[in-house]
Each structure stands twice: as C-alpha cells, then as structure tokens.
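The chain contents come next:
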Amino acid sequence: MKSWKRTGFTALAAGTALGCMALLGGCGIKGEKRIVRISHAQSETHPEHLGLLKFKAYIEEKLGDKYEVQIYPNELLGGAQKAIELTQTGAIDFVVAGTANLENFADVYEVFSMPYLFTSEDAYHEVMNDTEYMEQVYESTDEAGFRVLTWYNAGTRSFYAKKPINTPDDLRGLKMRVQQSPASVNMCNAFGAAASPMSFGEVYTAIQQGVIDGAENNELALTNNKHGEVAKYYSYNKHQMVPDMLIGNLKFLQGLSDEEYAIFREAALLSTKEEMQYWDEQVEEAKRIAGEEMGVEFIDVDVEIFKDKVSDVQQEMLDENENIRDLYAYIQSVNEKYAGAAAGGSAAAGDAADHTQKGE
Ligand code: GCU
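Cut-off values and rules
Residues numbered from 1 in each chain as written. Predicted model: local features only at pLDDT ≥ 70, side-chain atom pairs only at ≥ 80, totals over all residues. Heavy atoms only, no water. Helix = DSSP H or I, 4+ residues; strand = E, 2+ residues; numbered from the N terminus. Contact = heavy atoms within 4.5 Å. Near = heavy atom within 4 Å. Polar contact = N/O pair within 3.5 Å; in protein donor to acceptor, adjacent residues only side chain to side chain. Areas by Shrake-Rupley, 256 points an atom, 1.4 Å probe, with all protein chains shown as cover. Nonpolar A, V, L, I, M, F, W, Y, C, P; charged D, E, K, R; others polar. Domains from an automatic or database assignment. Buried < 20%, exposed > 50% of the residue type's maximum accessible area, 1.4 Å probe, protein only. Pairing = 2+ DSSP bridges. Right-handed = clockwise from strand over helix to strand, strands pointing away.

Student: So what's going on with the environment of M114? Which residues, and what values?
Tutor: Within the secondary structure, M114 is located in the loop between β4 (94-98) and α4 (121-129). Here the alpha-carbon distance between M114 and V310, two residues 196 residues apart in the chain, equals 9.5 Å. In this view, M114 contacts H239, Q240, Q314, M317, L318, I324 and Y328; residues no more than four positions away in its chain are not counted.

Here is the structure:
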C-alpha cells in the first residue's frame, strides 16, 4: 500500500530537529497530542483553505486523541519555497504549493509549466484524479524527503497587467511575474514578455510600485490576493492549468501506522473533493467582485494567436527533459479523448482548447 524508498534520511533527520526548535518551539507535541502543521499561501476563504478544514476535521474525527491539525494560511510560515524547505526538514508536516515549486526537486513536474498542455478542464481533472497514475509522479520527490498526497484545482492561468493585453505583441517588453521555476520563466519569455520570478506574496507590492507590469494567475488572485487593486486588465489567454499539491514530510508519513496512513490519505482525497466543490463558484464570484467593485476589465482575446506564439515550447521541453515524456504522452491521450467527445469524434486534440472554460 505504501511503498517507501528508504534513502537519504539521516541528514534530513538532523535538519528536522534544528528546524523544529528554531521555528515553532518544538516538534509539534502538545500534551499527549502530536500537532500536525500545514502551511499554505491562500486566504482563509480560498477553496484550498476550505479543503484543508475538511482534512483537519476528518483526521481529528478519526484520530483526534492522537493528532491536532493546525492550518497556517497567508504564507504565515513563509512563501512556497520556504514552506517546502520547512516541510522537507520536518519543521512542519505539510505544505500546499504549486507544481512549479517542485521542479527543482523532481523535473517531471516541469510538464505542468508547458503552455497549453491540457486542452480541456475535463482532461486536466481526469489526469489529476487518476490517483494510480499520479502516485508514480508523487513518489518522485521521496529522495528530497517529501511526497505529494493529493492535488488541488488552481484553475486556469492568464496574464493580467496595468495595461490591456490583446495580443502577444502587447506583452513585448512587459515585466511579468512568474512562479520561481525555470520552466515558468521560459514559458513567459516565449510569449515575448520579460519574466520576473518572485514569490506570490511579493506580487502585489511589486505591481503597485511598478517593479513589474503584471503577472499571470487564476482569477482568485485578483480578489483573494487583491491584485485587482493594482492591475486592472485581465486577458483570457488561458496559457496554463497548473495544479497545487498537498505535500507531506516523508518521515512523518512513514512514521504513521498503516491504519493512520490510510486515514491521512483518505483525508487528503476528501479535501480535494471539498476544494473542487468551491472552485467554480469562487471564480464566478471573483470575476463579479473584480469587475464590479475593483474596476478590473476582463478581455476575451484570440487564444489561437497566443498558442501560435509558443507553439514550439512543448517540443523543446520534451527534447530537453526525458522525464516528462511519459506523463506528457499520457496527458495527450486524455486530451484526445475529450477532444473527440467535444467535436463528435472528429476534432484534433488542439482544436479543443476553446471549450476549456465552462460557463464562459
Ligand atoms: C496560485 C496557486 C498558488 C501559487 C500562486 C503563484 O494562487 O494556487 O499555489 O503559489 O498561484 O502564482 O505563486
């Protein structure tokens, strides 16, 4: 059921003790209970926080005599990269972070940074919900001391800026924030912009102060993270669907009994279901608030022109990184299934991109 690669733990264990002492005054033992700490970057109304509340409730319902789950939102324990390091050393137990942050630990995760990888939301969800397939991917960071337990929907990413972007030409010369990963930088530069990698929490001030011209993200960034206060044009070029991951310290997971592990895993899957239930309605609400109360203009661009601009990127990435090829091929097979369904069985996979945004 849980197959662990038992490598590289001695150094991590030493780091764990130091990290715990420095950060939170002890390694999570309170009275008789083991405190389980989770860090994430979103607000307390964000679907991920609501999903994590479900995770907490399920674990405390089943194992409440032994574990208390504490959730730290809003990058309270640091930005994604810092929080992953804390999870790696065991100073905290879980973190939610986008796959871009995992690329430096396991380069299979680069695949999610490919522009226009998934050609429909249905394909995206099916791939990510294939727990059996994804388990092999999740094991890829075992040597780094952590493992993904489940994924969360983080919608579709598009560019937004202080000025309107209608075509890739409008991106030329603009400094656009991307997540801190080489593939994200390449993706953004391929569109003709000047990629500026930085942590999520720094984006608002960077746009406000004119250090960057804009960024790219799902619609919730406009409201939950208030970016709509400083960037008034959101262009639906829909270049990526990048999942967030619930990542657990491997030593902690290994220390669980089989029964406890099954409960943590079930809690993780339930948290994904819960998170996804809120996603679409929160995106609609974010669009309403951003449009009506923050004065953000949503621009429907010709997605095909944006796709053409980066049409070589997928192949270049495949040539450079053999570790993404299997997952890429699997994703293409699922893409094709939905492309066929959307066009009565006759469309090529690439034709399906524009039915991606349900309800638009
Ligand atoms: C989204 C995503 C986060 C990510 C952020 C970013 O909000 O859910 O995990 O950190 O984008 O662009 O950094």
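Student: A description of the site of the ligand should follow, citing residues and the corresponding values.
Tutor: Around the ligand, the neighbouring residues are Q42, G98, A154, R157, R177, Q179, F200, N217 and D244. Interatomic distance of 2.8 Å between a side-chain N/O atom of R157 and an oxygen atom of the ligand. For the ligand, an oxygen atom lies 2.4 Å from a polar atom in the side chain of D244. Considering the ligand on its own, with 320 Å² of exposed area, one finds that the protein chains cover 95% of that surface. Tallied by class, residues from the shell around the ligand come to 2 nonpolar, 4 polar and 3 charged. No fewer than three residues from each of domain 1 (19-154 + 242-283) and domain 2 (157-240 + 296-358) sit in the shell around the ligand.

Student: Mind laying out the pairing of strand β2 (residues 33-39), listing which residues take part and the relevant values?
Tutor: Along a regular strand, successive side chains alternate from one face of the sheet to the other. Counting buried positions along β2 gives 6 out of 7 residues, so the element sits mostly inside the fold. Relative to strand β3 (residues 67-72), β2 is paired through 6 bridges, and the arrangement is parallel. When the bridges of β3 are listed, R37 appears paired with Q70. Traced from β2 through helix α2 (residues 47-63) to β3, the parallel crossover comes out right-handed.

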